[in-house]
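# Geometric and topological summary
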Amino acid sequence: MKLRKVSAVLMSMSMVGAMAVPTFADEAKTIEPCEITFWHAMNGKQEESLTALTDKFNEENEYGITVTLVNQGNYSDLSTKLTANAAADTLPDLSQGYNNWVTAYTDKIIPLDDFVTDEDFDYDDLIDSYKDECEVYGFVACVPFNKSTYVYFYNKTLFDEVGIDVPTTWDELTEAGKKLKEAKDIEILGVDDLSGFLEASLHQNDCEYVSEDGALFDNEAGLETVSYIMNLYNSGYARLVGEDSYFSNVISNQMIGGYIGSCTGVSYITADGWELGVAPVPGNKEKAVNQAGTNIYMFSTDENKQNAAWEYMKYLTSVDSTIQWSEETGYLPVRKSAYETDEFKKFMDEDKTNNYKSAYEQSPYFFAQPVFDGSYDVMNTVSTVLEDSILDELEPEEVLENLVTELNDKLGVDGVAAEEEPSSVAE
């Protein structure tokens, strides 16, 4: 996607280059003992696992590096604090983040192009779509960390009882929804991320989504996509989550047949008296599925701390660490070779839900969210418009018109200044 900021980013890179970012191929590393801070938004099991990995790094690294973890709450809190601290030049040494958070301060990011040449890192071993995401600004801006994707969770016991095969296409999902509704009067679909669902469905229908110039789906393919979505809800085959917050709660209580959500949600589902199944997300003309989860960015302007921070980044993305992180949290390994290890193959084979295999099966079809000024606000706008449209049972033509109008207004493509609103992102 064309980015107007790329030239400015590349210019800022040349300025950053004056800080003598090391080239590992040229000289051996010398790192003095130091403390580096890492801002994150992991909680519960994820925070426990991150803490354990970090404690191990602190104990075992040969340089006397101490990494201090700073929990900044949830993703929205972390994004807000990063923006504020970028303006004040008080960013941490490292932080989790999404590309569409940092568009306003890409000049603060330390390019990792020279770091990833480290022979101990093997940049080419990273999942290809993750590398593409890291390079969206025209340089290596980050490394992948807590990566996930969307899968289709379903009540296998219920499907077997009603005689429903796991849907693999839009048509199969619609037909199965009709059958389940008639047999049990419950829905076959819920979606934790409405904006992500629209984006993926557009890609599945060979249609573009949005750019800095506005909505790109005001066409026949866009109407087909919106019609598919609205038909599911207007026909009673899909439902909103309501007060349950996440569909993991709804399916645990057997109040829905299935839902599309982050693969990390498997640990939040309680299958008491029924069997949980996990499958790839149903597709259409194309296969496409959202790539989610944050990356790690380096902001330190101190050369010694940059070297120290890189050692930690390299450690978190190593084969052993990414496997441990995945097995403990439900996130996906970031390295291709991790999936080929005997340990992780055994782990996937022992996963009776098929969650990890379904997620990895989709990896050739991963896509990342578009990145441009205002892209962070697009998600909230789409989710709001879709939810209101579903509640009002609007016709697809009106929904499409509302989506296009609201997105274009939000991005100010008609010359109207877009009002900033807080947003949220999928894990």
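The structure reproduced in this document is the subject of the present report.

Definitions and limits used
- All residue numbers refer to position in the chain's written sequence, counted from 1.
- Residue-level local features of this predicted model are given only where pLDDT is at least 70; pairs of side-chain atoms are given and counted only at 80 or more, and the full residue set underlies all totals for whole chains, interfaces and linings.
- For side-chain calculations, the full set of non-hydrogen atoms in the structure is used, while hydrogens and water are omitted.
- Only residues whose relative accessible area exceeds 30% and that form no salt bridge enter a patch; like-charged residues are grouped when within 9 Å of one another, and nonpolar side chains (Val, Leu, Ile, Met, Phe, Trp, Tyr) when within 5 Å.
- Only the protein chains shown count as cover for residues, and all accessible areas are computed by the Shrake-Rupley method using a 1.4 Å probe.
- A carboxyl oxygen of Asp or Glu within 4 Å of a side-chain nitrogen of Lys or Arg is what we treat as a salt bridge.
- The charged-residue count follows a simple rule in which Lys and Arg add positive charge and Asp and Glu add negative charge, with His and chain termini not counted at all.
- One atom stands in for each charge, and that atom is NZ of Lys, CZ of Arg, CG of Asp or CD of Glu.
- Working definition: helices are DSSP H or I runs of at least four residues, strands are E runs of at least two. Numbering for both runs from the N terminus.
- Three exposure classes are used, based on accessible area relative to the maximum for each residue type with a 1.4 Å probe and protein chains only: buried under 20%, partly exposed in between, and exposed over 50%.
- Two strands are counted as paired when DSSP detects at least two bridges linking them.
- Only rings of Phe, Tyr and Trp enter the pairing, Trp through its six-membered ring, and a pair is recorded when the two centres are within 6.5 Å. The plane angle decides the type: under 30 degrees is stacked, over 60 is edge-to-face, the rest tilted.
- Two conditions define a charge located above a ring, namely a distance within 6 Å from the ring centre to NZ of Lys or CZ of Arg, and an angle within 35 degrees of the ring normal.
- Looking down the strands as they point away from the viewer, one classifies a crossover as right-handed if the path from the first strand across the helix to the second runs clockwise.
- Comment: axis = line fitted to C-alpha atoms, over the contacting stretch for helices; angle = value between 0 and 180 degrees taken between N-to-C directions.
- Note on angle classes: values under 35 degrees are labelled roughly parallel, values over 145 roughly antiparallel, values of 65 to 115 roughly perpendicular, and the remainder oblique.
- Each crossing is labelled by how the near helix is turned from the far one, with a counterclockwise turn of less than a right angle marking it left-handed and a clockwise turn marking it right-handed.
- A contact between two residues is defined here by any heavy atoms of the two lying within 4.5 Å.
- Under the convention adopted here, Pro, Cys and the residues Ala, Val, Leu, Ile, Met, Phe, Trp and Tyr are nonpolar, Asp, Glu, Lys and Arg are charged, and Gly plus all remaining residues are polar.
- Space inside and on the surface of the protein is sampled on a 1 Å grid over the protein atoms alone, with a cavity defined as a set of points where a 1.4 Å probe fits but cannot get out and a pocket as an open set with protein on both sides within 12 Å along at least 5 of 7 lines; lining residues have an atom within 4 Å of a point.
- Grid points are joined across faces, edges and corners, and a volume is the space filled by probe spheres set on the points.
- Pairing of N or O atoms within 3.5 Å defines a polar contact, subject to two protein rules: one partner must be a possible hydrogen donor and the other a possible acceptor, and residues neighboring in sequence count only if both atoms are side-chain atoms.
- Only buried residues count toward a nonpolar core, which is a set of Ala, Val, Leu, Ile, Met, Phe, Trp, Tyr and Cys residues joined through side-chain atoms within 4.5 Å.

### Details of a negative patch on the surface
A grouping of Asp218, Glu387, Asp388, Asp392, Glu393, Glu395, Glu397, Glu398 and Glu401 is seen on the molecular surface, where their side chains present a negatively charged patch. Residue position: glutamate 395 is located in the loop between α15 (375–391) and α16 (396–411).

### A short note on the pattern of salt bridges
On inspection of all chains with the given rule, the structure shows 17 salt bridges. With a shortest N-O distance of 3.4 Å, arginine 335 and aspartate 125 are connected by a salt bridge. With arginine 335 in the loop between α11 (319–329) and α12 (336–339) and aspartate 125 in the loop between β3 (94–97) and α4 (128–134), the pair connects residues that are 210 residues apart, well separated along the chain. A single burial state applies to arginine 335 and to aspartate 125, both of which are buried. Taking the shortest distance from any N to any O, the salt bridge between glutamate 133 and lysine 147 comes out at 3.1 Å. With glutamate 133 in helix α4 and lysine 147 in strand β4 (residues 143–155), this residue pair connects regions lying 14 residues apart in the sequence.

### Focus: unusual backbone geometry
At aspartate 206, a position not held by glycine, the phi torsion is positive, near 55 degrees. What makes aspartate 206 exposed here is its relative accessible area of 57%. You will see that glutamine 254, though not glycine, has its phi angle at about 55 degrees, which is positive. Topologically, glutamine 254 is positioned in the loop between α9 (247–252) and β7 (258–262). Classification of glutamine 254 by relative accessible area gives partly exposed; the value is 39%.

### Quick look at the pairing of strand β8 (residues 276–279)
The two faces of β8 match: Leu276 and Val278 on one face and Gly277 and Ala279 on the other face are all buried. Sheet topology note: the β4/β8 ladder contains four bridges and is antiparallel. Looking across to β8, one finds that phenylalanine 153 is bridged to valine 278.

### A word on the packing of aromatic side chains
Across all of its chains, the model carries 26 aromatic pairs by this definition. Site record: aromatic cluster; members linked through ring pairs are Tyr339, Phe344, Phe347, Tyr356 and Tyr360. Against the face of tyrosine 123 rests lysine 131, its NZ or CZ located 5.6 Å from the ring centre. When the ring centre of phenylalanine 121 is taken as reference, the NZ or CZ atom of arginine 335 above it lies at 4.8 Å.

### Some details on the pairing of strand β1 (residues 34–40)
With five of its seven residues buried, β1 lies for the most part within the structure. Relative to strand β2 (residues 65–71), β1 runs parallel, the two being bridged by seven bridges. Opposite histidine 40, over in β2, you have asparagine 71 as the bridge partner. For the crossover that starts at β1, traverses helix α2 (residues 45–60) and ends in the parallel β2, the hand is right-handed.

### Digging into the packing of α2 against helix α10 (residues 303–316)
One way to put it is that α2 packs onto α10 with a least axis distance of 11 Å and a crossing angle of 125 degrees. Taken together, the axes of α2 and α10 are oblique relative to one another. Our pair here, α2 against α10, has a crossing hand that is right-handed. Side by side, α2 and α10 meet where Leu50, Leu53, Thr54, Lys56 and Phe57 of the first sit next to Glu311, Tyr312, Tyr315 and Leu316 of the second. Considered class by class, the residues forming the contact of α2 with α10 number six nonpolar, one polar and two charged.

### Let's talk about empty space enclosed by the protein
Per the counting criterion, the structure on display carries three cavities of 30 Å³ or more. In this structure, the largest cavity spans a volume of roughly 170 Å³. Taken together, 20 residues make up the lining of the largest cavity; nearest its centre are Tyr98, Gln291, Ala292, Ala368 and Gln369. For the lining of the largest cavity, the element with the most residues is strand β9 (residues 289–298), which contributes four residues. For the lining of the largest cavity, the residue count by class is nine nonpolar, seven polar and four charged.

### What about the side chain of aspartate 125?
Judged by its relative accessible area of 10%, aspartate 125 is buried. A distance of 2.6 Å separates polar atoms of two side chains, one belonging to aspartate 125 and the other to serine 337. In contact with aspartate 125, other than residues within four places in its own chain, are Val334, Arg335, Lys336 and Ser337.

### Focus on the nonpolar core
Counting 131 residues, the largest nonpolar core has Leu189, Leu198 and Phe217 as its most contacted members. Ignoring sequence-local partners within four residues, the contact set of leucine 189 consists of Tyr152, Leu173, Phe197, Leu232, Tyr237, Ala238, Arg239, Ile256, Gly258, Tyr259 and Ile260.

### Looking at the packing of helix α7 (residues 194–204) against helix α8 (residues 220–234)
When two helices pack together, their arrangement is given by the angle between their axes and by how far apart the axes lie. Taken N-terminus to C-terminus, the directions of α7 and α8 make an angle of 135 degrees; their axes are 9 Å apart at the nearest point. Classified by the angle between their axes, α7 and α8 sit oblique to one another. Of the two possible hands of crossing, α7 and α8 adopt the one that is right-handed. Residue-level inspection shows Leu194, Phe197, Leu198, Ser201 and Leu202 of α7 in contact with α8, the latter providing Gly222, Thr225, Val226, Tyr228, Ile229, Leu232 and Tyr233. Of the residues in the contact of α7 with α8, the class split is nine nonpolar, three polar and no charged.

Just distances and angles here, no functional claims.
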